[in-house]
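Structural features, examined
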Amino acid sequence: MLHSAWAAPVVLAAVAAPAAAASTPDPKPTLYVSFTGSGDSGYVFVELLGPDGTPLQQSFDIEGIPRGTDAWVAVFRPSTRADGTFSSTIPSGITQNYSAVRIAATVPGYPTLISQTQQLPFSA
């Protein structure tokens, strides 16, 4: 895992899966995602909060699109800490083997939360 000069963070809003969005009760869980990076080196920050704003400690998926395909696949399945956050460098192999990444989190009783897509490699 490598560090390099970081670009300005991009905060990605979570979007609910369209089929279930209309039936979701309010308030909803919240997924905050920030990807930063330059070239093949990057960093991801995730915060997952329950409908009442409390931090959620649970697993989620880092998904990627393998180069040459258009299908999302699970790359890693890490977990948030007790404070509802996760942060890590993104290995250069990910940016070499995948054309994009995103975060997908399932909170029981709600549609899957999906972050917007981060294209790879990172823009300078």
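Since the structure is predicted, the reported quantities are computational estimates derived from the model, not experimental observations. (Residues numbered from 1 in each chain as written. Predicted model: local features only at pLDDT ≥ 70, side-chain atom pairs only at ≥ 80, totals over all residues. Heavy atoms only, no water.)

**A few points about the side chain of Gln 118**
As for its position among the elements, Gln 118 is in strand β10 (residues 118-119). Relative accessible area serves as the criterion here: at 12%, Gln 118 is assigned to the buried category. (Helix = DSSP H or I, 4+ residues; strand = E, 2+ residues; numbered from the N terminus. Buried < 20%, exposed > 50% of the residue type's maximum accessible area, 1.4 Å probe, protein only.)

**Concerning the pattern of salt bridges**
A pair can form between side chains of opposite charge whenever their charged atoms are brought close. Scanning all chains against the criterion turns up four salt bridges. Residue Lys 28 is joined to Asp 26 by a salt bridge in which the shortest nitrogen-to-oxygen separation is 2.5 Å. Its relative accessible area of 64% is what places Asp 26 among the exposed residues. Note that Arg 81 and Asp 83 form a salt bridge whose closest N and O atoms lie 3.9 Å from each other. Judged by relative accessible area, Asp 83 falls into the partly exposed class, the value being 42%. (Salt bridge = Lys/Arg side-chain N within 4 Å of Asp/Glu carboxyl O.)

**A short note on the confidence of the model for the chain**
Here the chain averages 85 in pLDDT, while 79% of its residues score no lower than 70. The lowest-confidence element of the chain is strand β1 (residues 10-13), averaging 43 in pLDDT; the highest-confidence one is strand β9 (residues 113-114), averaging 98. For the stretch residues 1-20, pLDDT sits under 50, and the model shows 53 contacts to residues farther than four places along the chain or on other chains. (pLDDT = per-residue confidence, 0-100. Contact = heavy atoms within 4.5 Å.)

**A short note on the pairing of strand β6 (residues 73-76)**
The side chains of a regular strand alternate, first on one face of the sheet and then on the other. As paired strands, strand β5 (residues 61-66) and β6 are joined by three bridges and run antiparallel to one another. Residue pairing in the sheet places Gly 64 in a bridge with Val 73 of β6. In sequence, β5 turns back onto β6 through a hairpin of six residues, with Gly 68 there showing a positive phi of about 85 degrees. (Pairing = 2+ DSSP bridges.)

**Thoughts on the nonpolar core**
Among the nonpolar cores identified, the biggest contains 21 residues, and Phe 35, Val 44, Val 46 and Ile 103 are the most heavily contacted of them. Where this core is concerned, the elements lending two or more residues are β3 (30-38), β4 (41-49), β7 (85-90) and β8 (98-105). Leave out the neighbours within four places in its chain, and Val 44 touches Val 33, Ser 34, Phe 35, Phe 86, Ser 87, Ser 88, Ile 90 and Ile 103. (Core = buried A, V, L, I, M, F, W, Y, C linked by side-chain atoms within 4.5 Å.)

**Some words on the packing of aromatic side chains**
One pass over the full model with this rule turns up one aromatic pair. Both rings, one in Phe 60 and one in Phe 86, keep their centres 5.3 Å apart while their planes meet at 75 degrees; by these two values the pair is edge-to-face. With a gap of 26 residues between them, Phe 60 in the loop between β4 and β5 and Phe 86 in strand β7 connect regions that are remote in the sequence. Each member of the pair, Phe 60 as well as Phe 86, is classed as buried. Directly above the aromatic system of Trp 72 lies the positively charged group of Arg 102, at a separation of 4.1 Å from the ring centroid. (Phe/Tyr/Trp six-rings, centres within 6.5 Å; stacked < 30°, edge-to-face > 60°. Lys NZ or Arg CZ within 6 Å of the ring centre and 35° of its normal.)

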